[in-house]
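Next come the chains, spelled out residue by residue.
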Amino acid sequence: IAKLCIVYGINKLEKPLLKTFVLSIVGGFFVGASSVLSNICSYEYYGGIAQFYSGIVFPIGTMAVYCAGAELFTGNILLTLRLFNGNIYVLNMLLNWLITLVGNFIGALIVALLVVYGHIPNMFNVHLAQTIITFAIEKVSFNFGETFIKGLLCNFFNCLAIWVSMGGRDFRSVMAGLWTPIFLYQVCNLDHYVADVYYILAGIFASYEYGLDRTSLGWGKLFYKSIIPVAIGNIMGGLVVGMGYYYVYIIA
């Protein structure tokens, strides 16, 4: 699997930049769509049961990324295996991360706009709108350090999902490998960069459209309470997986 990850990175960095950007928008759209699904399916439940149902459906977005072909910033942190192996330059990898960061943001933004202004939050007698806003407020209620740690843990399990799926020998085993660690981090309400962009943007737009709580959310909080600490945490979590397995299976 370690060698396969190194080879797999070749295709990613050999893609034209425009193609990577377009596929990043698609990836953001897929994960944003699965975030919508997680809000809907967990709506009538509370506590651990709500998280359980959210965790069951959320991995569908990553499965779509794998099956249909797309790019996610979080998974591309595993490009570090190619870097450690001396196959790529740091600037090439950083450029890929920047492109996927921006593309994923745009994809999640599109989903948030379509969901809110397509009035999907009207479901359950408009109570879904309040649920979306409440969840967004929760996402920006932690301090920088807490959000960083949640981002680190999230992408540790996300990259572990990619790692495990690469050991699959057929479609079903690959999907099972993806689903299990992603289910785990979603149940634990950890912070995934792309999902958090959707959750918070949907909350911002819903607060405007439905005239609900407009004071607890804002674009500033989106960046300094979520995007920055989550992105840094996601990078560190992916590095733990990449560096750890590279040492164990390639160097040692």
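All chains use their own residue numbering, which begins from 1 and follows the written sequence. For this predicted model, a pLDDT threshold of at least 70 governs which residues receive local features, and a threshold of 80 or more governs which side-chain atom pairs are given and counted, while totals over whole chains, interfaces and linings are taken from all residues. The side-chain values count all of the structure's non-hydrogen atoms but skip hydrogen atoms and water molecules.

Colleague: When you look at the packing of helix α3 (residues 47-57) against helix α9 (residues 171-187) in this model, what are you seeing that I'm missing?
Modeller: When two helices pack together, their arrangement is given by the angle between the helix axes and the distance between those axes. Viewed as axis vectors pointing N to C, α3 and α9 meet at an angle of 145°, and their least axial separation amounts to 8 Å. As for the relative orientation of α3 and α9, their crossing is right-handed in sense. Every residue of α9 that contacts α3 at Gln51, Phe52, Ser54, Gly55 and Ile56 is listed here: Trp179, Phe183, Gln186 and Val187. Put simply, Ala, Val, Leu, Ile, Met, Phe, Trp, Tyr, Cys and Pro go in the nonpolar bin, Asp, Glu, Lys and Arg in the charged bin, and everything else, Gly too, in the polar bin. Of the residues that constitute the contact of α3 with α9, the class distribution is 5 nonpolar, 4 polar and no charged. Here an angle of 0 to 180 degrees is reported between the N-to-C directions of two axes, which are lines fitted to C-alpha atoms, with helices fitted over the stretch in contact. Put simply, DSSP marks the helices as runs of H or I at least four residues long and the strands as runs of E at least two long, and each gets a number from the N terminus on. Whether a crossing is left-handed or right-handed is set by the direction in which the near helix is turned from the far one by less than a right angle, anticlockwise for left-handed and clockwise for right-handed. Should any heavy atoms of two residues lie within 4.5 Å, those residues are considered in contact.

Colleague: Whenever I open this one, the nonpolar core confuses me. Can you help?
Modeller: Among soluble globular proteins, nonpolar side chains are generally buried collectively. Within the largest apolar cluster, 56 residues are counted, with the highest numbers of intra-cluster contacts made by Phe58, Phe105, Tyr185, Tyr193, Val197, Tyr198 and Leu201. Looking at this core, the elements that each hand over two or more residues are α2 (17-41), α4 (60-69), α6 (90-117), α7 (127-139), α8 (144-165), α9, α10 (193-209) and α11 (219-251). In this view, tyrosine 185 contacts Phe58, Cys154, Phe157, Asn158, Leu190 and His192; residues no more than four positions away in its chain are not counted. For the purposes of this section, nonpolar cores are sets of buried Ala, Val, Leu, Ile, Met, Phe, Trp, Tyr and Cys residues that join through side-chain atoms within 4.5 Å. Burial classes follow relative accessibility: with a 1.4 Å probe on protein chains only, a residue under 20% of its type's maximum area counts as buried, one over 50% as exposed, and anything between as partly exposed. Of all hydrophobic cores here, the second largest spans 11 residues; its members include Ala2, Ile6, Leu78 and Tyr246.

Colleague: Would you take a moment to explain the pattern of salt bridges for this structure?
Modeller: Should the charged atoms of two oppositely charged side chains come close, the side chains can pair. We count a salt bridge whenever a side-chain nitrogen from Lys or Arg sits within 4 Å of a carboxyl oxygen from Asp or Glu. A complete count under the given rule lists 5 salt bridges for this structure. Of the charged contacts, one joins glutamate 71 and lysine 15 as a salt bridge, the two residues approaching to 2.5 Å between their closest N and O atoms. Of this pair, glutamate 71 sits in the loop between α4 and α5 (80-84) while lysine 15 sits in the loop between α1 (2-14) and α2, and the two are 56 residues apart along the sequence. Taking relative accessible area as the criterion, glutamate 71 reaches 0% and is therefore assigned buried. Lysine 15 sits in the partly exposed class, given a relative accessible area of 24%.

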